[in-house]
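Topology and contacts: notes
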Amino acid sequence: MTSIPNLDLPRVEDRRRWDSDGQCLVGTRCPECSTLIWPGRSACPSCGTFGLDEAPLAREGDLLSWTRVFVPLAGIEAPFILAQVRLDDGVLLFGHLRGTPESGVKRVTVHVDETQRPPFWFQLDES
Amino acid sequence: MTIYVDGVGMHPFGQFRDKSVIDLARVAILNALDDAGVRPGDIDAVYSSNSMNGLLGGQEMIRGQVVLRELGMHTVPITNIENACASGSTAIHQAVLALRAGAAKRVLVVGFEKMFVDDRDASLAALQSASDLSVTRDLALQFTAIYGLRLQARLESGAVTLDDLADVAVKSHEAGARNPYAQFRKRVSRDEVLASRMISDPLTLLMCSSISDGAAAVVLSTDTPAPLDGRARVRVRSSVLRSGDFLLDAKQKSTATLAAEIAYEEAGVGPTDIGVFEVHDAMAPAELIYYEDLGLCAPGESADYLRSGMTAIDGKLPVNPSGGLSSRGHPVGATGVAQIAELTWQLRGEAGERQVHDTQLALAQNSGGWLEGPPAACAVHILERSAS
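Residues numbered from 1 in each chain as written. Chains lettered and ligands numbered in written order. Predicted model: local features only at pLDDT ≥ 70, side-chain atom pairs only at ≥ 80, totals over all residues. Heavy atoms only, no water.

**Comments concerning the pairing of strand E9 (residues 120-124) of chain A**
All names here are of chain A. For E9, the buried fraction is high: four of the five residues fall into the buried class. Pairing of strand E8 (residues 107-112) with E9 involves five bridges; the strand directions are antiparallel. By the bridge assignment, valine 112 is partnered in E9 with phenylalanine 120. (Buried < 20%, exposed > 50% of the residue type's maximum accessible area, 1.4 Å probe, protein only. Helix = DSSP H or I, 4+ residues; strand = E, 2+ residues; numbered from the N terminus. Pairing = 2+ DSSP bridges.)

**Here we look at the packing of helix H6 (residues 143-157) of chain B against helix H10 (residues 286-293) of chain B**
Residues and elements named next belong to chain B. At a minimum axis distance of 10 Å, the contact between H6 and H10 shows a crossing angle of 75 degrees. Between H6 and H10, the crossing angle belongs to the class labelled roughly perpendicular. Across from Tyr147, Arg150, Leu151 and Arg154 in H6, the residues of H10 making contact are Ala286, Ile289, Tyr290 and Glu292. (Axes fitted to C-alpha atoms, helices over the stretch in contact; angles between N-to-C directions. Parallel < 35°, antiparallel > 145°, perpendicular 65-115°, else oblique. Contact = heavy atoms within 4.5 Å.)

**Concerning the pattern of salt bridges**
All names here are of chain B. Enumeration according to the criterion identifies 37 salt bridges over all chains in this entry. Close ionic contact of glutamate 350 with arginine 231 constitutes a salt bridge, the shortest N to O distance being 3.4 Å. Placement of glutamate 350 in the loop between helix H13 (332-348) and strand E10 (361-368) and of arginine 231 in the loop between strand E7 (213-222) and strand E8 (233-243) is noted, with a sequence separation of 119 residues between them. Residue classification places glutamate 350 among the partly exposed residues on the basis of a relative accessible area of 32%. Classification of arginine 231 by relative accessible area gives partly exposed; the value is 26%. (Salt bridge = Lys/Arg side-chain N within 4 Å of Asp/Glu carboxyl O.)

**Brief notes about the sheet that holds strand E9 (residues 276-278) of chain B**
Either a parallel or an antiparallel arrangement is found when strands of a sheet pair, and the pairing is made through backbone hydrogen bonds. All names here are of chain B. Taken in spatial order, the nine strands make up an open sheet running E3-E2-E4-E7-E1-E8-E11-E10-E9, and their pairing is mixed. The strands lining the two open edges of the sheet, one partner per strand, are strand E3 (78-81) and E9. Across the sheet, the axes of successive neighbouring strands diverge by a mean angle of 20 degrees, strand direction being ignored. The pairing of E8 with strand E11 (residues 377-386) spans 10 bridges and is antiparallel. Among the inter-strand pairings, serine 243 is bridged to a residue of E11, identified as alanine 377.

**A closer look at the interface of chain B and chain A**
Facing 29 residues of chain B, the contacting portion of chain A comprises 33 residues. Summing the contributions of chain B and of chain A, the shared interface buries around 2700 Å²; its carbon and sulfur component is 60%. In this assembly, chain B and chain A are joined by three salt bridges. Asp138(B) is the salt-bridge partner of Arg117(A), the closest N and O atoms lying 2.9 Å from each other. Our enumeration of links across chain B and chain A arrives at 13 residue pairs in polar contact (both at pLDDT 80 or more). Of all the secondary structure elements, the ones that give two or more residues to the side of chain B that touches chain A are helix H4 (120-128), helix H5 (133-136), H6 and strand E5 (198-200) of chain B. The dominant element in the side of chain B that touches chain A, judged by the number of residues it contributes, is H6(B), at six residues. (Buried area = accessible area lost by both parts, 1.4 Å probe. Polar contact = N/O pair within 3.5 Å; in protein donor to acceptor, adjacent residues only side chain to side chain.)

**A short note on helix H9 (residues 255-267) of chain B**
Taking 1.5 Å per residue as the helical rise, H9(B) with its 13 residues ought to reach 18 Å, and the 18 Å between its terminal C-alpha atoms agrees with that figure. Summarising the contacts, the buried residues of H9(B) are in contact with E8, E9, H10, E10 and E11 of chain B. (Expected span 1.5 Å × (residues − 1).)

**Points about the domain arrangement of chain A**
All names here are of chain A. The domain boundaries assigned to chain A delineate domain 1 (4-56) and domain 2 (60-124). Look at where the C-alpha atoms of domain 1 and domain 2 centre, and you get two points 23 Å apart. Domain 1 puts nine residues into the contact, and the matching count from domain 2 is nine residues. Roughly 910 Å² of surface becomes buried between domain 1 and domain 2 when both sides are summed, with 69% attributable to carbon and sulfur atoms. Looking only at domain 1, the three residues that lose the most surface to domain 2 are Trp18, Gln23 and Leu25, adding up to 57% of its buried area. On the surface where domain 1 and domain 2 come into contact, there are two residue pairs in polar contact (both at pLDDT 80 or more). Listing elements by their share of the side of domain 1 that touches domain 2, those giving two or more residues are strand E1 (18-19), strand E2 (24-29) and strand E3 (36-37). Class assignment of the residues belonging to the side of domain 1 that touches domain 2 gives a composition of six nonpolar, two polar and one charged. (Domains from an automatic or database assignment. Nonpolar A, V, L, I, M, F, W, Y, C, P; charged D, E, K, R; others polar.)

This is the structure we're talking about:
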(Lines give C-alpha, C1' and ligand atoms only; values in the text may rest on other atoms or scores of the structure.)
Protein backbone atom coordinates (compact mmCIF):
# COMPACT_ATOMS: atom_id res chain seq x y z
CA MET A 1 0.00 0.00 0.00
CA THR A 2 1.21 3.44 -0.75
CA SER A 3 -0.07 6.95 -0.29
CA ILE A 4 1.65 8.23 -3.40
CA PRO A 5 -0.98 8.85 -6.11
CA ASN A 6 -0.78 6.99 -9.43
CA LEU A 7 2.16 4.88 -8.34
CA ASP A 8 0.39 1.63 -9.15
CA LEU A 9 -0.56 2.47 -12.72
CA PRO A 10 0.04 -0.55 -14.99
CA ARG A 11 3.42 -0.52 -16.71
CA VAL A 12 3.43 1.10 -20.16
CA GLU A 13 5.46 -1.85 -21.41
CA ASP A 14 2.59 -4.17 -20.50
CA ARG A 15 0.01 -2.24 -22.52
CA ARG A 16 -1.13 -4.41 -25.41
CA ARG A 17 -0.24 -3.17 -28.90
CA TRP A 18 -1.72 -6.04 -30.92
CA ASP A 19 -3.95 -9.09 -30.61
CA SER A 20 -2.93 -12.10 -32.66
CA ASP A 21 -6.23 -13.93 -31.98
CA GLY A 22 -8.24 -10.97 -33.25
CA GLN A 23 -5.65 -10.18 -35.96
CA CYS A 24 -5.79 -6.49 -35.11
CA LEU A 25 -3.78 -3.78 -33.44
CA VAL A 26 -4.83 -2.59 -29.99
CA GLY A 27 -4.74 1.08 -29.06
CA THR A 28 -6.65 3.29 -26.66
CA ARG A 29 -9.98 5.09 -26.91
CA CYS A 30 -10.80 8.27 -25.01
CA PRO A 31 -13.92 7.82 -22.85
CA GLU A 32 -14.74 11.52 -23.30
CA CYS A 33 -14.15 12.35 -26.97
CA SER A 34 -13.77 8.82 -28.45
CA THR A 35 -10.43 9.63 -30.08
CA LEU A 36 -8.59 6.44 -31.00
CA ILE A 37 -4.81 6.38 -31.03
CA TRP A 38 -2.00 3.85 -31.60
CA PRO A 39 0.16 3.06 -29.77
CA GLY A 40 -2.00 3.58 -26.69
CA ARG A 41 -1.39 6.46 -24.28
CA SER A 42 -2.21 7.46 -20.73
CA ALA A 43 -3.83 10.72 -21.82
CA CYS A 44 -5.87 11.63 -24.88
CA PRO A 45 -3.86 13.58 -27.51
CA SER A 46 -7.04 15.34 -28.54
CA CYS A 47 -8.68 16.46 -25.28
CA GLY A 48 -6.19 15.58 -22.52
CA THR A 49 -8.50 13.22 -20.65
CA PHE A 50 -6.51 10.88 -18.42
CA GLY A 51 -7.34 7.20 -18.16
CA LEU A 52 -8.05 5.79 -21.60
CA ASP A 53 -9.69 2.47 -22.44
CA GLU A 54 -7.95 -0.30 -24.35
CA ALA A 55 -9.55 -0.61 -27.77
CA PRO A 56 -9.10 -3.03 -30.69
CA LEU A 57 -8.58 -1.14 -33.94
CA ALA A 58 -10.19 -1.73 -37.32
CA ARG A 59 -8.77 -4.64 -39.29
CA GLU A 60 -9.01 -2.85 -42.63
CA GLY A 61 -8.03 0.48 -44.03
CA ASP A 62 -6.75 2.53 -46.96
CA LEU A 63 -3.17 2.74 -48.20
CA LEU A 64 -2.19 6.42 -48.13
CA SER A 65 1.36 6.11 -49.37
CA TRP A 66 4.20 3.63 -49.67
CA THR A 67 7.90 3.42 -50.40
CA ARG A 68 10.09 0.46 -51.31
CA VAL A 69 13.28 0.61 -49.25
CA PHE A 70 16.48 -0.76 -50.81
CA VAL A 71 18.83 -0.29 -47.86
CA PRO A 72 18.85 -3.10 -45.30
CA LEU A 73 18.94 -2.22 -41.63
CA ALA A 74 18.94 -4.11 -38.35
CA GLY A 75 18.83 -7.54 -39.94
CA ILE A 76 15.70 -6.97 -42.03
CA GLU A 77 16.30 -7.93 -45.64
CA ALA A 78 15.87 -5.32 -48.36
CA PRO A 79 13.95 -4.49 -50.38
CA PHE A 80 10.87 -4.15 -48.24
CA ILE A 81 7.93 -1.79 -48.38
CA LEU A 82 7.01 0.76 -45.74
CA ALA A 83 3.54 2.24 -45.84
CA GLN A 84 1.29 4.79 -44.22
CA VAL A 85 -2.25 3.53 -43.72
CA ARG A 86 -5.45 5.07 -42.40
CA LEU A 87 -7.63 2.43 -40.79
CA ASP A 88 -11.38 2.55 -41.33
CA ASP A 89 -11.77 3.87 -37.77
CA GLY A 90 -9.52 6.82 -38.63
CA VAL A 91 -6.28 5.76 -36.94
CA LEU A 92 -3.12 6.71 -38.84
CA LEU A 93 -0.53 3.92 -38.89
CA PHE A 94 2.91 3.25 -40.24
CA GLY A 95 4.29 -0.22 -40.93
CA HIS A 96 5.47 -2.82 -43.41
CA LEU A 97 3.33 -3.57 -46.45
CA ARG A 98 3.07 -6.87 -48.30
CA GLY A 99 1.82 -6.99 -51.86
CA THR A 100 2.40 -4.99 -55.02
CA PRO A 101 1.46 -1.34 -54.47
CA GLU A 102 2.12 -0.60 -58.17
CA SER A 103 -1.13 -2.52 -58.82
CA GLY A 104 -3.08 0.53 -57.71
CA VAL A 105 -4.97 -1.44 -55.05
CA LYS A 106 -5.58 0.77 -52.02
CA ARG A 107 -7.40 -1.51 -49.54
CA VAL A 108 -5.31 -3.24 -46.91
CA THR A 109 -5.90 -5.73 -44.10
CA VAL A 110 -3.92 -5.85 -40.85
CA HIS A 111 -2.07 -9.08 -40.05
CA VAL A 112 -0.48 -9.99 -36.70
CA ASP A 113 2.08 -12.73 -36.02
CA GLU A 114 4.17 -12.20 -32.92
CA THR A 115 6.70 -14.82 -34.04
CA GLN A 116 7.67 -12.64 -37.01
CA ARG A 117 9.61 -9.44 -37.24
CA PRO A 118 7.93 -7.01 -37.53
CA PRO A 119 5.03 -8.58 -35.60
CA PHE A 120 2.33 -6.81 -37.65
CA TRP A 121 2.02 -5.72 -41.28
CA PHE A 122 -0.48 -4.56 -43.84
CA GLN A 123 -1.51 -6.91 -46.66
CA LEU A 124 -2.81 -5.38 -49.89
CA ASP A 125 -6.19 -6.90 -50.87
CA GLU A 126 -5.07 -7.87 -54.36
CA SER A 127 -6.92 -11.12 -55.00
CA MET B 1 14.11 44.22 -27.03
CA THR B 2 16.20 43.60 -30.13
CA ILE B 3 18.24 40.44 -30.49
CA TYR B 4 21.15 40.62 -32.91
CA VAL B 5 23.17 37.99 -34.74
CA ASP B 6 26.60 39.45 -34.05
CA GLY B 7 28.71 36.71 -35.49
CA VAL B 8 28.53 33.42 -37.37
CA GLY B 9 31.07 30.77 -38.28
CA MET B 10 31.29 27.24 -39.61
CA HIS B 11 33.59 24.33 -40.09
CA PRO B 12 32.88 22.95 -43.57
CA PHE B 13 30.49 19.98 -43.68
CA GLY B 14 31.75 16.70 -45.10
CA GLN B 15 33.87 13.73 -44.15
CA PHE B 16 36.71 14.53 -41.78
CA ARG B 17 37.92 11.21 -40.48
CA ASP B 18 40.90 12.61 -38.62
CA LYS B 19 38.99 15.32 -36.75
CA SER B 20 37.19 15.01 -33.41
CA VAL B 21 34.05 16.93 -32.47
CA ILE B 22 36.35 19.34 -30.60
CA ASP B 23 38.41 19.97 -33.73
CA LEU B 24 35.23 20.61 -35.70
CA ALA B 25 33.48 22.80 -33.13
CA ARG B 26 36.63 24.82 -32.39
CA VAL B 27 36.82 26.16 -35.94
CA ALA B 28 33.15 27.18 -35.98
CA ILE B 29 33.35 28.85 -32.56
CA LEU B 30 36.55 30.78 -33.28
CA ASN B 31 35.13 31.98 -36.59
CA ALA B 32 31.87 33.11 -34.96
CA LEU B 33 33.70 34.92 -32.14
CA ASP B 34 35.99 36.62 -34.66
CA ASP B 35 33.04 37.59 -36.81
CA ALA B 36 31.36 39.13 -33.77
CA GLY B 37 34.56 40.82 -32.67
CA VAL B 38 34.41 39.26 -29.20
CA ARG B 39 36.54 36.94 -27.09
CA PRO B 40 35.51 33.90 -25.05
CA GLY B 41 35.35 36.05 -21.92
CA ASP B 42 32.65 38.23 -23.50
CA ILE B 43 30.22 35.30 -23.70
CA ASP B 44 27.92 34.88 -20.71
CA ALA B 45 25.96 31.75 -21.67
CA VAL B 46 26.37 28.87 -24.12
CA TYR B 47 23.78 26.62 -25.75
CA SER B 48 25.48 23.56 -27.19
CA SER B 49 23.72 21.38 -29.75
CA ASN B 50 24.70 17.80 -30.49
CA SER B 51 22.57 14.75 -31.18
CA MET B 52 24.75 11.69 -31.68
CA ASN B 53 28.04 11.97 -29.81
CA GLY B 54 26.55 9.87 -27.03
CA LEU B 55 25.85 6.81 -29.16
CA LEU B 56 28.66 7.38 -31.67
CA GLY B 57 31.35 8.91 -29.46
CA GLY B 58 30.42 7.49 -26.08
CA GLN B 59 30.25 11.03 -24.63
CA GLU B 60 26.67 10.73 -23.40
CA MET B 61 26.86 13.66 -20.99
CA ILE B 62 28.34 17.19 -20.79
CA ARG B 63 29.21 17.21 -24.49
CA GLY B 64 29.17 21.01 -24.57
CA GLN B 65 31.48 21.46 -21.60
CA VAL B 66 33.99 19.01 -23.07
CA VAL B 67 34.20 21.10 -26.23
CA LEU B 68 34.02 24.55 -24.65
CA ARG B 69 36.73 24.14 -22.07
CA GLU B 70 39.11 23.79 -25.01
CA LEU B 71 38.35 27.45 -25.69
CA GLY B 72 38.38 28.80 -22.17
CA MET B 73 34.63 28.88 -21.67
CA HIS B 74 33.98 26.93 -18.51
CA THR B 75 32.36 29.01 -15.81
CA VAL B 76 29.40 30.44 -17.73
CA PRO B 77 26.19 28.41 -17.85
CA ILE B 78 26.49 25.77 -20.58
CA THR B 79 23.27 24.01 -21.55
CA ASN B 80 23.35 20.85 -23.66
CA ILE B 81 20.56 20.54 -26.21
CA GLU B 82 19.34 17.45 -28.06
CA ASN B 83 16.27 17.57 -30.31
CA ALA B 84 17.24 15.23 -33.16
CA CYS B 85 17.81 17.03 -36.47
CA ALA B 86 16.25 20.18 -34.96
CA SER B 87 18.81 20.36 -32.14
CA GLY B 88 20.60 23.35 -33.65
CA SER B 89 17.50 25.51 -34.11
CA THR B 90 16.27 24.43 -30.68
CA ALA B 91 19.56 25.71 -29.19
CA ILE B 92 19.12 29.01 -31.05
CA HIS B 93 15.57 29.21 -29.69
CA GLN B 94 16.78 28.60 -26.13
CA ALA B 95 19.42 31.30 -26.54
CA VAL B 96 16.78 33.74 -27.75
CA LEU B 97 14.61 32.92 -24.73
CA ALA B 98 17.56 33.50 -22.37
CA LEU B 99 18.25 36.88 -23.99
CA ARG B 100 14.58 37.85 -23.91
CA ALA B 101 14.43 36.90 -20.23
CA GLY B 102 17.40 39.11 -19.47
CA ALA B 103 19.37 36.15 -18.17
CA ALA B 104 22.25 36.88 -20.55
CA LYS B 105 23.51 39.70 -22.76
CA ARG B 106 25.68 37.78 -25.20
CA VAL B 107 25.20 34.10 -25.94
CA LEU B 108 27.13 31.57 -28.00
CA VAL B 109 25.24 28.80 -29.79
CA VAL B 110 27.32 25.97 -31.19
CA GLY B 111 26.17 22.86 -33.05
CA PHE B 112 28.55 20.03 -33.88
CA GLU B 113 28.28 16.46 -35.12
CA LYS B 114 30.56 13.62 -36.12
CA MET B 115 28.66 10.91 -38.00
CA PHE B 116 31.52 9.23 -39.89
CA VAL B 117 32.77 6.77 -37.30
CA ASP B 118 33.81 3.83 -39.51
CA ASP B 119 30.66 1.95 -38.53
CA ARG B 120 27.80 2.66 -40.91
CA ASP B 121 25.36 0.47 -38.98
CA ALA B 122 26.09 2.42 -35.79
CA SER B 123 25.43 5.72 -37.57
CA LEU B 124 22.17 4.43 -39.05
CA ALA B 125 21.06 3.01 -35.70
CA ALA B 126 21.79 6.34 -34.03
CA LEU B 127 19.70 8.11 -36.68
CA GLN B 128 16.87 5.65 -36.17
CA SER B 129 16.72 6.74 -32.53
CA ALA B 130 15.18 10.01 -33.74
CA SER B 131 11.93 8.03 -33.66
CA ASP B 132 10.03 6.13 -30.96
CA LEU B 133 12.10 2.95 -31.02
CA SER B 134 9.36 0.93 -29.33
CA VAL B 135 7.39 1.46 -32.56
CA THR B 136 10.12 1.58 -35.20
CA ARG B 137 12.79 -0.89 -34.03
CA ASP B 138 11.22 -3.84 -35.83
CA LEU B 139 10.38 -1.84 -38.93
CA ALA B 140 13.93 -1.02 -40.10
CA LEU B 141 12.87 2.60 -40.30
CA GLN B 142 15.12 4.97 -42.18
CA PHE B 143 14.41 8.64 -42.57
CA THR B 144 14.80 8.41 -46.32
CA ALA B 145 11.70 6.23 -46.27
CA ILE B 146 9.66 8.86 -44.44
CA TYR B 147 10.36 11.38 -47.19
CA GLY B 148 9.79 8.66 -49.77
CA LEU B 149 6.34 8.08 -48.31
CA ARG B 150 5.47 11.76 -48.40
CA LEU B 151 6.57 12.14 -52.00
CA GLN B 152 5.22 8.86 -53.41
CA ALA B 153 1.64 9.95 -52.69
CA ARG B 154 2.23 13.21 -54.56
CA LEU B 155 3.75 11.36 -57.50
CA GLU B 156 0.78 9.00 -57.72
CA SER B 157 -1.66 11.90 -57.60
CA GLY B 158 0.20 13.60 -60.45
CA ALA B 159 0.97 16.69 -58.35
CA VAL B 160 4.69 16.26 -59.03
CA THR B 161 6.74 14.26 -61.55
CA LEU B 162 9.98 12.32 -61.20
CA ASP B 163 11.65 15.05 -63.24
CA ASP B 164 10.53 17.62 -60.65
CA LEU B 165 12.08 15.57 -57.86
CA ALA B 166 15.32 15.28 -59.81
CA ASP B 167 15.33 18.98 -60.67
CA VAL B 168 15.28 19.96 -56.99
CA ALA B 169 18.39 17.84 -56.48
CA VAL B 170 20.01 19.49 -59.51
CA LYS B 171 19.21 22.89 -57.99
CA SER B 172 20.63 21.88 -54.59
CA HIS B 173 23.84 20.58 -56.11
CA GLU B 174 24.21 23.77 -58.15
CA ALA B 175 24.05 25.76 -54.91
CA GLY B 176 26.36 23.35 -53.09
CA ALA B 177 28.90 23.66 -55.89
CA ARG B 178 29.16 27.36 -55.07
CA ASN B 179 29.41 26.90 -51.28
CA PRO B 180 32.89 26.34 -49.81
CA TYR B 181 31.23 24.93 -46.66
CA ALA B 182 29.23 22.30 -48.57
CA GLN B 183 29.77 18.53 -48.43
CA PHE B 184 28.78 17.99 -52.08
CA ARG B 185 30.33 20.48 -54.47
CA LYS B 186 29.72 18.75 -57.79
CA ARG B 187 27.03 19.84 -60.23
CA VAL B 188 24.75 17.01 -61.40
CA SER B 189 22.28 16.58 -64.26
CA ARG B 190 18.68 15.41 -64.09
CA ASP B 191 19.67 12.16 -65.82
CA GLU B 192 22.47 11.54 -63.34
CA VAL B 193 20.08 12.07 -60.43
CA LEU B 194 17.46 9.70 -61.84
CA ALA B 195 20.07 7.07 -62.78
CA SER B 196 21.72 7.03 -59.36
CA ARG B 197 21.02 4.15 -57.00
CA MET B 198 17.46 3.86 -55.65
CA ILE B 199 17.42 4.30 -51.88
CA SER B 200 13.72 4.44 -51.10
CA ASP B 201 11.13 4.87 -53.86
CA PRO B 202 11.14 7.46 -55.43
CA LEU B 203 14.29 8.83 -53.83
CA THR B 204 17.65 8.11 -55.44
CA LEU B 205 21.08 8.53 -53.88
CA LEU B 206 21.71 11.98 -55.36
CA MET B 207 18.46 13.31 -53.85
CA CYS B 208 19.42 12.35 -50.29
CA SER B 209 21.55 13.93 -47.63
CA SER B 210 24.42 11.78 -46.44
CA ILE B 211 25.92 11.24 -43.04
CA SER B 212 28.26 14.13 -42.38
CA ASP B 213 30.75 15.75 -40.03
CA GLY B 214 30.70 19.47 -39.29
CA ALA B 215 30.02 22.35 -36.95
CA ALA B 216 28.43 25.80 -36.94
CA ALA B 217 28.31 28.59 -34.37
CA VAL B 218 26.41 31.82 -33.83
CA VAL B 219 26.85 34.70 -31.38
CA LEU B 220 23.60 36.39 -30.37
CA SER B 221 23.34 39.50 -28.21
CA THR B 222 20.90 42.08 -27.00
CA ASP B 223 21.22 45.80 -26.31
CA THR B 224 24.74 45.80 -27.72
CA PRO B 225 26.06 48.85 -29.59
CA ALA B 226 26.17 48.85 -33.37
CA PRO B 227 29.49 47.90 -34.94
CA LEU B 228 31.67 50.89 -35.77
CA ASP B 229 32.53 49.67 -39.24
CA GLY B 230 28.99 50.33 -40.48
CA ARG B 231 28.53 46.70 -41.52
CA ALA B 232 24.90 45.61 -41.89
CA ARG B 233 23.41 44.05 -38.74
CA VAL B 234 21.09 41.09 -38.65
CA ARG B 235 18.41 40.75 -35.99
CA VAL B 236 16.13 37.92 -34.93
CA ARG B 237 12.52 38.80 -35.67
CA SER B 238 10.88 35.46 -34.80
CA SER B 239 11.92 32.35 -32.95
CA VAL B 240 9.36 29.55 -32.75
CA LEU B 241 9.63 25.93 -31.66
CA ARG B 242 6.84 23.38 -31.75
CA SER B 243 6.69 19.66 -31.08
CA GLY B 244 4.89 17.06 -33.17
CA ASP B 245 1.16 17.49 -33.52
CA PHE B 246 -0.60 14.19 -33.93
CA LEU B 247 -2.35 14.27 -37.23
CA LEU B 248 -5.64 12.87 -36.09
CA ASP B 249 -7.41 14.01 -39.20
CA ALA B 250 -6.06 14.43 -42.68
CA LYS B 251 -6.93 18.12 -42.88
CA GLN B 252 -4.85 19.17 -39.91
CA LYS B 253 -2.01 21.57 -40.68
CA SER B 254 1.55 20.26 -40.63
CA THR B 255 3.85 21.11 -37.72
CA ALA B 256 5.97 23.24 -40.09
CA THR B 257 2.89 25.23 -41.12
CA LEU B 258 1.84 25.76 -37.52
CA ALA B 259 5.33 26.92 -36.53
CA ALA B 260 5.63 29.18 -39.59
CA GLU B 261 2.26 30.81 -38.96
CA ILE B 262 3.33 31.78 -35.44
CA ALA B 263 6.68 33.03 -36.75
CA TYR B 264 5.04 35.18 -39.44
CA GLU B 265 2.69 36.64 -36.86
CA GLU B 266 5.53 37.32 -34.41
CA ALA B 267 7.42 39.22 -37.12
CA GLY B 268 4.33 40.86 -38.58
CA VAL B 269 5.20 39.64 -42.07
CA GLY B 270 3.92 37.09 -44.59
CA PRO B 271 5.69 34.48 -46.69
CA THR B 272 5.98 36.74 -49.74
CA ASP B 273 7.80 39.38 -47.67
CA ILE B 274 10.66 36.91 -47.10
CA GLY B 275 13.49 37.15 -49.63
CA VAL B 276 15.44 33.96 -48.97
CA PHE B 277 14.72 30.63 -47.27
CA GLU B 278 16.72 27.77 -45.76
CA VAL B 279 14.45 24.72 -45.32
CA HIS B 280 14.88 21.22 -43.98
CA ASP B 281 15.46 19.28 -47.20
CA ALA B 282 16.96 16.14 -45.67
CA MET B 283 16.04 14.73 -49.08
CA ALA B 284 16.22 17.42 -51.78
CA PRO B 285 12.65 16.99 -53.10
CA ALA B 286 11.27 17.67 -49.59
CA GLU B 287 11.75 21.31 -50.55
CA LEU B 288 8.59 20.95 -52.62
CA ILE B 289 6.59 20.06 -49.52
CA TYR B 290 7.98 23.04 -47.63
CA TYR B 291 7.05 25.48 -50.44
CA GLU B 292 3.48 24.59 -49.56
CA ASP B 293 3.88 24.19 -45.79
CA LEU B 294 5.56 27.60 -45.44
CA GLY B 295 3.03 29.35 -47.68
CA LEU B 296 5.31 30.18 -50.61
CA CYS B 297 2.68 28.68 -52.88
CA ALA B 298 -0.78 27.19 -52.59
CA PRO B 299 -1.21 23.49 -51.71
CA GLY B 300 -0.66 21.31 -54.77
CA GLU B 301 1.24 24.00 -56.70
CA SER B 302 4.79 23.28 -55.60
CA ALA B 303 5.83 21.69 -58.90
CA ASP B 304 4.73 24.74 -60.90
CA TYR B 305 6.48 26.93 -58.37
CA LEU B 306 9.74 25.02 -58.80
CA ARG B 307 9.42 25.08 -62.60
CA SER B 308 8.93 28.87 -62.51
CA GLY B 309 12.52 29.25 -61.30
CA MET B 310 11.44 31.44 -58.38
CA THR B 311 13.35 29.33 -55.86
CA ALA B 312 16.68 29.11 -57.72
CA ILE B 313 19.66 31.09 -56.38
CA ASP B 314 18.99 33.82 -58.93
CA GLY B 315 15.21 33.66 -58.46
CA LYS B 316 12.94 36.06 -56.59
CA LEU B 317 12.42 33.73 -53.60
CA PRO B 318 15.54 31.59 -53.46
CA VAL B 319 15.32 28.47 -51.31
CA ASN B 320 18.42 26.73 -49.91
CA PRO B 321 21.16 28.84 -51.55
CA SER B 322 23.59 26.97 -49.28
CA GLY B 323 22.73 23.71 -51.01
CA GLY B 324 20.49 22.75 -48.12
CA LEU B 325 20.81 19.60 -46.09
CA SER B 326 21.08 17.50 -49.23
CA SER B 327 24.14 19.28 -50.67
CA ARG B 328 25.65 21.46 -47.94
CA GLY B 329 25.34 18.38 -45.74
CA HIS B 330 23.45 17.38 -42.61
CA PRO B 331 25.65 16.81 -39.58
CA VAL B 332 22.55 16.53 -37.45
CA GLY B 333 23.31 18.76 -34.45
CA ALA B 334 24.95 21.47 -36.56
CA THR B 335 22.32 21.90 -39.26
CA GLY B 336 19.95 24.34 -37.53
CA VAL B 337 22.86 26.59 -36.55
CA ALA B 338 24.31 26.43 -40.07
CA GLN B 339 20.99 27.65 -41.49
CA ILE B 340 21.23 30.79 -39.34
CA ALA B 341 24.87 31.29 -40.37
CA GLU B 342 23.95 30.99 -44.05
CA LEU B 343 21.04 33.41 -43.84
CA THR B 344 23.16 35.92 -41.91
CA TRP B 345 25.77 35.83 -44.67
CA GLN B 346 23.02 36.18 -47.27
CA LEU B 347 21.39 39.19 -45.56
CA ARG B 348 24.76 40.91 -45.11
CA GLY B 349 25.68 40.31 -48.75
CA GLU B 350 28.67 38.16 -47.79
CA ALA B 351 27.67 34.87 -49.43
CA GLY B 352 30.14 35.02 -52.30
CA GLU B 353 29.31 32.97 -55.39
CA ARG B 354 25.98 31.83 -53.94
CA GLN B 355 24.79 35.33 -52.98
CA VAL B 356 21.08 35.86 -53.69
CA HIS B 357 19.39 39.15 -54.55
CA ASP B 358 19.46 42.04 -52.07
CA THR B 359 16.86 41.26 -49.44
CA GLN B 360 16.05 42.21 -45.86
CA LEU B 361 14.14 39.20 -44.55
CA ALA B 362 15.11 35.54 -44.34
CA LEU B 363 13.46 32.43 -42.91
CA ALA B 364 14.99 29.20 -41.56
CA GLN B 365 12.95 26.04 -40.99
CA ASN B 366 14.48 23.02 -39.27
CA SER B 367 12.66 19.80 -38.35
CA GLY B 368 13.76 16.93 -36.16
CA GLY B 369 12.72 13.40 -35.34
CA TRP B 370 9.56 11.63 -36.35
CA LEU B 371 6.50 10.35 -34.54
CA GLU B 372 4.83 8.18 -37.21
CA GLY B 373 3.39 11.21 -38.97
CA PRO B 374 4.51 14.56 -37.64
CA PRO B 375 8.11 15.55 -36.94
CA ALA B 376 9.01 15.42 -33.24
CA ALA B 377 10.21 19.03 -33.37
CA CYS B 378 10.06 21.93 -35.80
CA ALA B 379 11.61 25.37 -35.41
CA VAL B 380 11.16 28.46 -37.57
CA HIS B 381 13.32 31.57 -37.30
CA ILE B 382 12.90 34.84 -39.19
CA LEU B 383 15.93 37.12 -39.52
CA GLU B 384 16.02 40.73 -40.71
CA ARG B 385 18.83 42.98 -41.85
CA SER B 386 18.55 46.27 -40.05
CA ALA B 387 20.24 49.51 -41.01
CA SER B 388 22.79 49.32 -38.14
